[in-house]
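# Examining the three-dimensional arrangement
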Amino acid sequence: MRTKGHCVMVVAEGCGDTLIQSSGEKDAGGNKILADVGPWLKDTITARFKTLGLPLTIKYIDPTYMIRSVAANSYDSTYCSVLGQMAVHGA
């Protein structure tokens, strides 16, 4: 941040359970509902920069609705790669 003046962070939804506690509930398919780490991480980073007196602007993008809600295939892998590349290019 000090050298470039910006950074890009990509966070997997599963990392939330290592940082914050999930409810332990399960969805209709029996999968564990994971803690929503995105808003928590955004708030934590914002608070840290505020205590340091450093200016900060966060562009938080939750791609939940950008990714299809069906079984993954090879197209999904390519699509996710392009989303990641565009996020970095946009920064």
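Residues numbered from 1 in each chain as written. Predicted model: local features only at pLDDT ≥ 70, side-chain atom pairs only at ≥ 80, totals over all residues. Heavy atoms only, no water.

### Observations regarding the overall build of the protein chain
Each helix and strand counted, the protein chain has three helices and zero strands in total. Mapped in sequence order, the helices and strands of the protein chain form the string α-α-α. Computed over its C-alpha atoms, the radius of gyration of the protein chain comes to 16 Å, more than 25% above the 12 Å expected for a compact globule of 91 residues. Along the three orthogonal principal directions, the C-alpha set of the protein chain runs to about 45 × 30 × 20 Å. (Helix = DSSP H or I, 4+ residues; strand = E, 2+ residues; numbered from the N terminus. Rg over C-alpha atoms; globule rule 2.2 N^0.38 Å.)

### Concerning a nonpolar patch on the surface
Among the surface-exposed residues, Val8, Val10 and Val88 lie close enough to one another that they form a single nonpolar patch of about 270 Å² accessible area. Relative to the helices and strands, valine 10 is located in the segment before α1 (16–19). (Patch = residues over 30% accessible without salt bridge, like charges linked within 9 Å, V, L, I, M, F, W, Y side chains within 5 Å. Areas by Shrake-Rupley, 256 points an atom, 1.4 Å probe, with all protein chains shown as cover. Salt bridge = Lys/Arg side-chain N within 4 Å of Asp/Glu carboxyl O.)

### A few points about helix α2 (residues 37–52)
Taking 1.5 Å of rise per residue, the 16 residues of α2 would be expected to cover 22 Å, and the 22 Å separating its terminal C-alpha atoms lies within 8% of that figure. If you check which residues of α2 are buried, you get Val37, Gly38, Leu41 and Phe49. One face of α2 carries all of its buried residues, which in axial projection span an arc of 100°. Opposite its buried face, α2 presents the exposed residues Asp43, Lys50 and Thr51, each directed more than 90 degrees away. Check the buried side of α2 and you find it contacts α1. (Expected span 1.5 Å × (residues − 1). Buried < 20%, exposed > 50% of the residue type's maximum accessible area, 1.4 Å probe, protein only. Arc of directions from axis to C-beta. Contact = heavy atoms within 4.5 Å.)

### Notes on the environment of glycine 30
Looking at where glycine 30 falls in the secondary structure, it is placed in the loop between α1 and α2. Sequence separation of glycine 30 and glycine 90 is 60 residues, and the distance between their C-alpha atoms is 37 Å.

### Quick word on the confidence of the model for the protein chain
The predicted model of the protein chain has a mean per-residue pLDDT of 80, with 91% of residues at 70 or higher. No element of the protein chain has a lower mean pLDDT than α1, which averages 73, and none a higher one than α2, which averages 91. (pLDDT = per-residue confidence, 0-100.)

### Side note on the environment of lysine 32
Among the structural elements, lysine 32 can be located in the loop between α1 and α2. If near-sequence neighbours (up to four positions away) are discounted, lysine 32 is found in contact with Asp17, Ser22, Glu25 and Lys26.

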